[in-house]
Amino acid sequence: MTTFVLFGGTGDLAKRKIIPALYSAFVNGRLDAEFTFIGAAREALSDEEFRLRVANSIDTYAAKVGGSKEQVAAFLALTGYSKIDAKIPEDFDALKARVSTDTSKAKLFYLAVGPDIFIPVVEQLSKHGLVEGNARVVVEKPLGRDAKSAKEINSALRSYLNENQIYRIDHYLGKEMVQNLFALRFANSFLEPLWNRKWVQDVQISISEQVGVETRGDFYDKTGALRDMVQNHLLQLVSIVAMEPPVNANPDAIRDEKVKVLRALRKFNADDVSKKTVRGQYRAGAVDGKPVIGYQNEAGVPSATRTETFVAIKAEIDNWRWAGVPFYLRTGKRMASRCAEITINFKPIPYSIFGKGQGPLRSNRLVITLQPEESVQLFMKAKEPGEGIRLSDVALNLDFAEASSSRRVESYERLLLDALHGDLTLFVRDDELGAAWEWIDPIMHAWSNDAEGLKSYIAGSWGPAAASYLLAQHGAAWGEEYVEG
Ligand code: NAP
């Protein structure tokens, strides 16, 4: 029997992601027979009223999952609600009465609430004896605003929980392709000899979004792209691409190797920040042919704000494998297309026997696409059919939708199931989080002393021109900038 308690059960994340993920796990027979789901928030709701919200969330956001009316009804029958203000200790008494006191029974508490509420919730769970034994707590980002605040949150969490009870979620790690990266790197022999400074020219990791700040302008403006995307998702991808082979596939063996990469990231001084980082903010433009307003006119965003909605960084990893190989990182809102991609650009051939005008000589590259569709493409040179020699770029294409008919599991569902089963592999350990913030802190600090550094870019573009120059000065270019021929 497992009890799943969702703090913030009435919030945006719960309705769009967590409830649909839980429902999908239920429909696909992945929850145990006596599973119970309790939503918790301050709003006074009866069980029945909460079930109506859950039904709405399934209706609106779980269409892809399918499932019959009977399955929806059966899922709702497992569902209940507990009115809790995290700051009122007595409110937890009613929750305690609904949760089994048997410490061998699994309990998962998911904190889909603001970070200011994490500690009051965990403190009361602990004081009510609810985190003893087989109990785990999932915490959402953002975990802190800088290294100091992250450390404070971590040490407060650790005063009530063991590290192996804390599941710091980064939903990028739940993506199928991110796990495929482990398979690609550590279950194939031919890539490893090439996966280093001898053969790799540069690595690019780019996460571009077409959406703006939607309804979360106030939150986003206090956060910015560096904290919202780079500190967590991008650095997690860097650590997986760059890590050494772990000794086995246990969570701590993998996380030991990831944290070494984060610690090896070269820290920036103020001069490095001005030369190796670009930050931007979108102004009005058009995305997919439709006009969109500028960031400063978005709801909840102050009109003269200096918050960045775009970041590009030239990062370097100081270790034997990667010394001298730039890792170009980029993320932005209101960009030309929605895409999350890792590109390993291999070094050019030492000498070409083919003359100019015989086709593209862009070197080989491995492109791992996380979204919108998942794929791995290895771009090779081949001869175009016909007379004479004309080269073209041909992709060896691994299309996962075609290659396997297995059910696709969305990242929130996968991570929820991992947390329910006690698998920490795809969750972030406290030292990883700390190392990521330690690298981010000097960048934030330098930006706060440099009001002029924020560039403007047109919504629907690929960001400020300075982001292209960041690479061009080293003879490199972002994927979309190559002109073949
Ligand atoms: P939200 O829509 O504002 O929901 C917040 C939830 O917390 C509501 O259910 C609210 O219900 C509850 N809550 C607030 N104060 C409370 C208190 N004192 N005691 C108990 N419950 C309380 O926020 P959200 O967008 O869902 O985000 C939740 C967390 O996930 C945040 O940390 C956010 O940064 C993170 N996150 C969100 C997204 C996203 O796409 N939304 C993505 C990644 C991470 P009541 O007001 O009724 O109490």
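Source: prediction; values computed, not measured. (Residues numbered from 1 in each chain as written. Predicted model: local features only at pLDDT ≥ 70, side-chain atom pairs only at ≥ 80, totals over all residues. Heavy atoms only, no water.)

**Concerning the packing of aromatic side chains**
Alright, step 1. For the structure shown, the criterion picks out 17 aromatic pairs.
Alright, step 2. Taking the centre distance of 5.9 Å and the plane angle of 65° together, the rings of Phe-37 and Phe-50 count as edge-to-face. Note that Phe-37 is positioned in strand β2 (residues 36–41) and Phe-50 in helix α2 (residues 47–61), a separation of 13 residues in sequence. We note that Phe-37, like Phe-50, is buried.
Alright, step 3. Note on Tyr-282 and Tyr-457: the rings are 6.3 Å apart at their centroids and 70° apart in plane angle, and the pair reads as edge-to-face. (Phe/Tyr/Trp six-rings, centres within 6.5 Å; stacked < 30°, edge-to-face > 60°. Helix = DSSP H or I, 4+ residues; strand = E, 2+ residues; numbered from the N terminus. Buried < 20%, exposed > 50% of the residue type's maximum accessible area, 1.4 Å probe, protein only.)

**Some words on the pairing of strand β14 (residues 365–371)**
Alright, step 1. Buried residues dominate β14, accounting for seven of its seven residues.
Alright, step 2. Direction of pairing for strand β13 (residues 339–346) relative to β14: antiparallel, over a ladder of six bridges. Within β14, the residue paired with Ile-344 across the bridge is Leu-366.
Alright, step 3. In this structure, β14 lies alongside strand β15 (residues 375–383), joined through five bridges in antiparallel fashion. Each bridged residue has a counterpart across the sheet, and for Leu-366 the counterpart in β15 is Leu-378. (Pairing = 2+ DSSP bridges.)

**Points about the site of the ligand**
Alright, step 1. In the region of the ligand, 23 residues are neighbours, and Thr-10, Asp-12, Leu-13, Arg-16 and Arg-42 sit closest.
Alright, step 2. Here an oxygen atom of the ligand and a backbone polar atom of Gly-11 are 3.1 Å apart.
Alright, step 3. Between the ligand and Leu-13, the relevant distance is 2.8 Å, taken from an oxygen atom to a main-chain nitrogen or oxygen of the residue.
Alright, step 4. Burial of the ligand by the protein amounts to 79% of the accessible area it has alone, namely 880 Å².
Alright, step 5. Among the elements that make up the shell around the ligand, the one with the highest residue count is helix α1 (residues 12–27) (three residues).
Alright, step 6. Considered class by class, the residues forming the shell around the ligand number ten nonpolar, five polar and eight charged. (Near = heavy atom within 4 Å. Polar contact = N/O pair within 3.5 Å; in protein donor to acceptor, adjacent residues only side chain to side chain. Areas by Shrake-Rupley, 256 points an atom, 1.4 Å probe, with all protein chains shown as cover. Nonpolar A, V, L, I, M, F, W, Y, C, P; charged D, E, K, R; others polar.)

**Some details on the nonpolar core**
Alright, step 1. Phe-7, Leu-95, Phe-327 and Trp-439 are the most contacted members of the largest nonpolar core, which has 146 residues in total.
Alright, step 2. Of the residues forming this core, the biggest block, twelve residues, is contributed by helix α8 (residues 217–242).
Alright, step 3. For this core, the domains that each give at least three residues are domain 1 (2–140) and domain 2 (173–481).
Alright, step 4. Sequence-distant contacts of Leu-95, defined by excluding residues within four places in its chain, comprise Val-5, Phe-7, Ile-38, Ser-82, Ile-84, Phe-109, Leu-125 and Leu-130. (Core = buried A, V, L, I, M, F, W, Y, C linked by side-chain atoms within 4.5 Å. Domains from an automatic or database assignment. Contact = heavy atoms within 4.5 Å.)

**Topic: the sheet that holds β13**
Alright, step 1. Taken in spatial order, the nine strands of this open sheet run β16-β15-β14-β13-β7-β12-β11-β8-β17, and their pairing is mixed. Two strands bound the open sheet, and with one partner strand each, they are β16 (391–399) and β17 (454–458). Averaged over all pairs of adjacent strands, the angle between their axes in this sheet comes to 20°, without regard to strand direction.
Alright, step 2. On the sheet, α8 packs against β7 (200–208), β11 (310–315), β12 (327–332), β13 and β14 and is oriented at approximately 145° with respect to β12. (Axes fitted to C-alpha atoms, helices over the stretch in contact; angles between N-to-C directions.)

**So, the domain arrangement of the chain**
Alright, step 1. Taken domain by domain, the chain consists of domain 1 (2–140) and domain 2 (173–481).
Alright, step 2. On a C-alpha basis, the centres of domain 1 and domain 2 stand 33 Å from each other.
Alright, step 3. Listed by partner, the interface residues are 20 residues for domain 1 and eleven residues for domain 2.
Alright, step 4. When domain 1 packs against domain 2, the two sides together hide about 1,300 Å² of surface, and 66% of this comes from carbon and sulfur.
Alright, step 5. Summed over the shared surface of domain 1 and domain 2, the result is one salt bridge.
Alright, step 6. Here Lys-64 ties to Glu-410 by a salt bridge, and the two come within 3.5 Å at their closest N and O atoms.
Alright, step 7. Counting across the domain 1 and domain 2 interface gives seven residue pairs in polar contact (both at pLDDT 80 or more).
Alright, step 8. Contributing elements (two or more residues each) for the side of domain 1 that touches domain 2: β1 (2–7), α1, β4 (106–111) and β5 (135–139). (Buried area = accessible area lost by both parts, 1.4 Å probe. Salt bridge = Lys/Arg side-chain N within 4 Å of Asp/Glu carboxyl O.)

**A short note on unusual backbone geometry**
Alright, step 1. Note that the residue after Lys-141, namely Pro-142, is joined by a cis bond; omega there is 0°.
Alright, step 2. In this fold, Pro-142 is placed in the loop between β5 and α6 (147–158).
Alright, step 3. Looking along the chain, the bond that leaves Gln-371 and enters Pro-372 is cis, with omega of 10°.
Alright, step 4. Among the structural elements, Pro-372 can be located in the loop between β14 and β15.
Alright, step 5. At Asp-288, a residue that is not glycine, the phi angle is positive and equals roughly 55°.
Alright, step 6. Within the fold, Asp-288 resides in the loop between β9 (285–287) and β10 (290–292).

**Remarks on helix α5 (residues 118–127)**
Alright, step 1. The set of residues buried in α5 consists of Phe-118, Pro-120, Val-121, Val-122, Gln-124 and Leu-125.
Alright, step 2. In the core, the buried residues of α5 are packed alongside β1, α4 (91–98), β4, β5 and α6.
Alright, step 3. Backbone geometry just downstream of α5 places Gly-129 in the positive-phi region, at approximately 70°.

**Considerations on the packing of α6 against helix α13 (residues 430–448)**
Alright, step 1. Relative orientation of the contacting elements α6 and α13 amounts to 165°, with a least axis distance of 9 Å. Relative to α13, the element α6 is oriented roughly antiparallel. Every pair of crossing elements has a handedness; the one defined by α6 and α13 is left-handed. Across from Ala-147, Ala-150, Asn-154 and Arg-158 in α6, the residues of α13 making contact are Asp-430, Leu-433, Trp-437, Glu-438 and Asp-441.
Alright, step 2. Considering only residue class, the contact of α6 with α13 consists of four nonpolar, one polar and four charged. (Parallel < 35°, antiparallel > 145°, perpendicular 65-115°, else oblique. Left-handed = near helix turned anticlockwise from the far one by under 90°.)

**As for the sheet that holds β2**
Sheet strands associate in pairs through backbone hydrogen bonding, adopting either a parallel or an antiparallel arrangement.
Alright, step 1. Taken in spatial order, the six strands of this open sheet run β3-β2-β1-β4-β5-β6, and their pairing is parallel. Taken across any chain shown, the strands that pair with only one partner, and hence form the sheet edges, are β3 (79–83) and β6 (166–168). Strand after strand, the sheet turns through a mean of 20° between neighbouring axes, direction not considered.
Alright, step 2. By the bridge criterion, five bridges tie β2 to β3 in an arrangement that is parallel. Bridge pairing in β3 links Ala-41 to Lys-83.
Alright, step 3. On the sheet, α5 packs against β1, β4 and β5 and is oriented at approximately 160° with respect to β4.
Alright, step 4. Packed on one face of the sheet, helix α12 (residues 411–421) meets β1, β4, β5 and β6 and runs near 140° to β4.

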